[in-house]
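Listed below, chain by chain, are the residues.
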Amino acid sequence: LQALFEKEESITNTLGMVMTWIPTGKYRVAACEVTQADYEGVASANPSKFKGARRPVESVTLGDAVQFCRLLTEREQADGKLPKNYAYGLPTEAEWETYAAGTTLETAYVSYIGDRPSTTDVGRMPPNPLGLFDVRGNVWEWCSSGAARGGSYQSHEDYLNLAFRFVGTPEMKLEDIGFRIVLRQTGPR
């Protein structure tokens, strides 16, 4: 098991999420935002306004996202599917900027004139150069710092700049904020 995780390649976790290897950072990131099916499978709840198994989970707080990562880590480790020195978490803003680089608005589910009424299923738009979907658009993605990055289905104009950060309170639940997870080695073997 340890040897599989130490290979510098993408893997698929127990939820069926493709965890894409990011060579410049030596970690893996989910190819798609956490879906409602993924979230329900771990947290046994679905707070989302716009229901759909393949839609991104939204209306989650920063704490909800962190709790999901903790529960998934604990479950996979208990089932012998994840080495004890690996853990899921939220990306840092630097990690988000690394895997968002090269993502264009042509591959983003966003509003230019407020014309999108809701989220859409993840992975409907083409992937970015690293093979990640919806890095920009669909839902803002919580980062470990408490900022959300990437814009949402409601975003237009200034909010679509890659450098833009949405900073709210950790308790904030909005219908256009979800998250994507990363998988990192947390210590030696």
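What this report covers is the structure whose coordinates are included nearby. Source: prediction; values computed, not measured. (Residues numbered from 1 in each chain as written. Predicted model: local features only at pLDDT ≥ 70, side-chain atom pairs only at ≥ 80, totals over all residues. Heavy atoms only, no water.)

1. Re the overall build of the protein chain
Phase 1: Helices and strands together make up the secondary structure of the protein chain, namely 4 helices and 9 strands.
Phase 2: Each helix (α) and strand (β) of the protein chain, taken in turn from the N terminus, gives the series α-β-β-β-α-α-β-α-β-β-β-β-β.
Phase 3: Over its C-alpha atoms the protein chain spans a radius of gyration of 16 Å, differing by no more than 12% from the 16 Å that the globule rule assigns to 189 residues.
Phase 4: When its C-alpha atoms are laid out on the principal axes, the protein chain stretches across 50 × 35 × 30 Å.
Phase 5: Buried positions account for 49% of the 189 residues belonging to the protein chain.
Phase 6: Within the protein chain, counting contacts between residues at least 6 apart in sequence, those at least 24 apart form 63% of the total.
Phase 7: Approximately 8400 Å² of the protein chain is accessible, and the part contributed by carbon and sulfur atoms is 54%. (Helix = DSSP H or I, 4+ residues; strand = E, 2+ residues; numbered from the N terminus. Rg over C-alpha atoms; globule rule 2.2 N^0.38 Å. Buried < 20%, exposed > 50% of the residue type's maximum accessible area, 1.4 Å probe, protein only. Contact = heavy atoms within 4.5 Å. Areas by Shrake-Rupley, 256 points an atom, 1.4 Å probe, with all protein chains shown as cover.)

2. So, the pairing of strand 9 (residues 182–185)
Phase 1: Across 2 bridges, strand 3 (residues 27–30) lies against strand 9 in antiparallel orientation. When the sheet's bridge partners are listed, arginine 28 is paired in strand 9 with leucine 183. (Pairing = 2+ DSSP bridges.)

3. Structural notes on the sheet that holds strand 3
Phase 1: Spatial ordering of the open sheet is given by 1-2-3-9-4, a layout of 5 strands whose pairing is antiparallel. Whereas interior strands pair on both sides, the edge strands pair on one side only; in this sheet they are strand 1 (11–12) and strand 4 (86–89).
Phase 2: Two elements, strand 2 (residues 18–22) and strand 3, share 4 bridges in a ladder whose sense is antiparallel. Looking at strand 3, one finds that isoleucine 22 is bridged to tyrosine 27.
Phase 3: Packing of helix 4 (residues 93–100) onto the sheet brings it into contact with strand 2, strand 3 and strand 9, and relative to strand 3 it is tilted by some 75 degrees. (Axes fitted to C-alpha atoms, helices over the stretch in contact; angles between N-to-C directions.)

4. Description of the side chain of glutamate 141
Phase 1: Here glutamate 141 is to be found in strand 5 (residues 140–142).
Phase 2: Among residues more than four places away in sequence, those in contact with glutamate 141 are Glu33, Trp96, Tyr99, Asp134, Val135, Ala147, Ala148, Arg149, Gly178, Phe179 and Arg180.

5. Focus on the packing of aromatic side chains
Phase 1: One pass over the full model with this rule turns up 7 aromatic pairs.
Phase 2: Consider the rings of phenylalanine 5 and tyrosine 86, whose centres lie 5.3 Å apart with planes at 50 degrees: the pair is tilted. One end of the pair, phenylalanine 5, is in helix 1 (residues 2–6); the other, tyrosine 86, is in strand 4, and 81 residues separate them in sequence.
Phase 3: Centroid distance tyrosine 39 to phenylalanine 68: 5.7 Å. Interplanar angle 10 degrees. Geometry classified as stacked. Taken together, the positions of tyrosine 39 in helix 2 (residues 36–43) and phenylalanine 68 in helix 3 (residues 62–78) put the pair 29 residues apart, joining distant regions of the chain.
Phase 4: In this structure tyrosine 39 comes out as buried when scored by relative accessible area, which is 6%.
Phase 5: Looking at phenylalanine 68, the relative accessible area reads 1%, which means it is buried.
Phase 6: Three or more aromatic residues link up through ring pairs in this structure, and these residues are Tyr39, Phe68 and Phe179. (Phe/Tyr/Trp six-rings, centres within 6.5 Å; stacked < 30°, edge-to-face > 60°.)

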